Structures are given as structure tokens and as C-alpha cells.
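Chain residues, written in single-letter form:
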Amino acid sequence: MAGISRAIRVCAAASRRTLAAASAAALPKEAPAAGVRAPAAATGRKGRDREDGRRVQWVFLGCPGVGKGTYASRLSQLLDVPHIATGDLVRDALAAPGPFSKQLAEIVNHGKLVSDEIIINLLSRRLEEGEEKGELGFILDGFPRTIRQAEILEGVTDIDLVINLKLREEALLAKCLGRRMCSQCGGNFNVASIDIEGENGGPRMYMPPLLPPPQCESKLITRPDDTEEVVKERLRVYHDLTEPVEEFYRARGKLLEFNLPGGIPESWPKLLEALNIEGPDNERSAAA
Ligand SMILES: Nc1ncnc2c1ncn2[C@@H]1O[C@H](COP(=O)(O)OP(=O)(O)O)[C@@H](O)[C@H]1O
């Protein structure tokens, strides 16, 4: 991945100059049918490396609350590649005192996207730190979120696979509102218990809460942007600005659509199966 951080900065600067031209470039009109299986070369037998020996370079897409962070983090541990969540980079920047964090809070706490320039600066800095530590491969979560971000990324590196997580709309709001984090250990939990009737005779969807252990119970905090009003705005922004990114990758044959069938115990083994990830490792992780 050497050089991506620098390339992404250079490309972002170049694309700022040619923004008008870039935004005028239309997506291919005839998109091939959505890929339903991970490309054979996306992972090797145990999923850790591609068949050509390079570590995976994957992207997670999906609405707020769908579980991108949960599944991206599990896969990153299983495949031994860094999980880079731009939402976490933004939250780290928000936690640092000063005028920049005030400016960010105004945007994030209203459910809007921060500028491409800010997010690319945060991401290139994170990639640079990773390069210095010798990190290889990545699972990006929360980037790209606009067509322009997708074009910049496409211009600097090969993305092997884009996993588009899908969940019924009525579950998304409940999941965001139920999200809790332990302020001490950083563990992520969810107090929502979701039980929705099946659609068109389909199966019921049950997602049990993921409750914190007793030592975390009194230390739970909620993200300031997880209020009903702000989550609804984030969902609207996703439909407006990020959904076109799904089409961007679908047209390039890189999109794997995955409908989450329920909670983690039900969904995780099915996701591994859809990704062609085999081997003893996934049995251990599926049970975790
Ligand atoms: N790629 C990005 N482009 C612009 N803003 C971003 C990006 N990634 C994260 N953010 C900002 O950080 C916030 C939190 O991101 P994230 O945790 O990924 O949210 P979500 O739960 O809505 O998917 C977003 O609402 C947005 O303000």
C-alpha cells in the first residue's frame, strides 16, 4: 500500500482543480448485473491474502446503523488487515480541543458530511501512519461516501471488493438509537431488541440486543449524532450522496450486495460464506 497516502493527497489536489470536469463525467449507463459472489481472486483459501499474495483492499458501504463497523472490524481481525473507519478518524479529531473540532462538531452533529478535503486529509494521515508501521492491505469503512471520493480512491489504488451491507430501513433507526459505547474500554454495544414481521411472507427478522458486561453498564455513552433527528438526516444524506457510490462500484463489477438476515450470530457465518472465506479460523470467529 506504499504511497497511497501521498497519492491520495496529490490526486485530491488535482481533482480539486478539475472538479468541474470530474463531476461532469457521467457513470456508465449500462451497468452489469450486481455481483452476488465475491470475485474468486478476492481472497485466498483462508481469506487472508488474495491469490496473487497481496493483502485485501476492501471497502464497506451501507446506511448508518447497518453494522459496517461491526463486520469490518471482525473481518479485519480475521484477515489481519487494518480496519480504517473514517467515522472514527472524525471522532478522534472531534475529541481534540481547538477551533478545528468546533468546526467539525457543527457539521457532524447535524448529520452532514464533512468536506472531501477534510476527510482526505484525515485519511491520508492515517494511511501514512500505517505505512510507517508496515501495514499492508485495508478494510475501509465509511469511505468513499461521495462519487468524488470514489473517483479519487479509484485513481490511486485497486479496490478488490466493495461489500454493500443492507438491512431493512425500519431496523436502521432503532439500531442507531440503541447504540452505546463504554467510555472506559471503548467496547461497542446495542440495547435495541429488534423483532420485525417478515416482508411478503419472508422470515421474521430478529436482532437481539448486544448488552454490555456489568463492569461497563455505568459507563455507557451515546454518540451525539445518534439522536432521532440527526439519524434521519444521516439516512437522507446517505440516500442522496452515498447511494450513487453503490452504482459506481456495481458498474465496475466490484459490488457484493449482502442482505443481513438478522443479528451477528446469524449473519456472520453467512457473510463469510458469501466472501468465500474458508478454513478453521472462520468457525472459531463465527462462534465468538
Ligand atoms: N467519507 C466521509 N466523508 C465525509 N464525512 C464523513 C466521512 N466519513 C465520516 N464522515 C463524518 O463522520 C460522521 C460519522 O461517520 P460514521 O461513524 O461512519 O457514521 P455512520 O454511522 O452514519 O455510518 C458522518 O456523519 C460524517 O459527518
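Summary of the structure given here. (Residues numbered from 1 in each chain as written. Predicted model: local features only at pLDDT ≥ 70, side-chain atom pairs only at ≥ 80, totals over all residues. Heavy atoms only, no water.)

A look at the packing of helix 7 (residues 147-156) against helix 9 (residues 228-251)
Part 1 of the reasoning: At a closest axis distance of 8 Å, the pairing of helix 7 and helix 9 adopts a crossing angle of 40°. In this structure, helix 7 contributes I147, A150, E151, L153 and E154 to the contact, and helix 9 contributes L241, P244, V245, F248 and Y249. (Axes fitted to C-alpha atoms, helices over the stretch in contact; angles between N-to-C directions. Helix = DSSP H or I, 4+ residues; strand = E, 2+ residues; numbered from the N terminus. Contact = heavy atoms within 4.5 Å.)

Comments concerning the pairing of strand 4 (residues 161-166)
Part 1 of the reasoning: The buried count for strand 4 comes to 5 of 6 residues, which makes it a mostly enclosed element.
Part 2 of the reasoning: For strand 1 (residues 57-61) and strand 4, the ladder comprises 4 bridges, and the chain directions are parallel. Paired with F60 across the bridge in strand 4 is I163.
Part 3 of the reasoning: In this sheet, strand 10 (residues 255-259) lies alongside strand 4 in parallel orientation, the contact comprising 5 bridges. Residue pairing in the sheet places V162 in a bridge with L255 of strand 10. (Buried < 20%, exposed > 50% of the residue type's maximum accessible area, 1.4 Å probe, protein only. Pairing = 2+ DSSP bridges.)

Considering the site of the ligand
Part 1 of the reasoning: If you check the shell around the ligand, you find 18 residues, and the closest are K68, T86, R91, K112 and G142.
Part 2 of the reasoning: K68 places a polar side-chain atom, nitrogen or oxygen, 2.9 Å from an oxygen atom of the ligand.
Part 3 of the reasoning: The separation between a nitrogen atom of the ligand and a polar side-chain atom of T86 is 2.9 Å.
Part 4 of the reasoning: Here the ligand loses 96% of its free accessible area of 550 Å² to cover by the protein chains.
Part 5 of the reasoning: Among the elements that line the shell around the ligand, the one with the most residues is helix 4 (residues 86-95), at 4 residues.
Part 6 of the reasoning: The class makeup of the residues in the shell around the ligand is 7 nonpolar, 4 polar and 7 charged. (Near = heavy atom within 4 Å. Polar contact = N/O pair within 3.5 Å; in protein donor to acceptor, adjacent residues only side chain to side chain. Areas by Shrake-Rupley, 256 points an atom, 1.4 Å probe, with all protein chains shown as cover. Nonpolar A, V, L, I, M, F, W, Y, C, P; charged D, E, K, R; others polar.)

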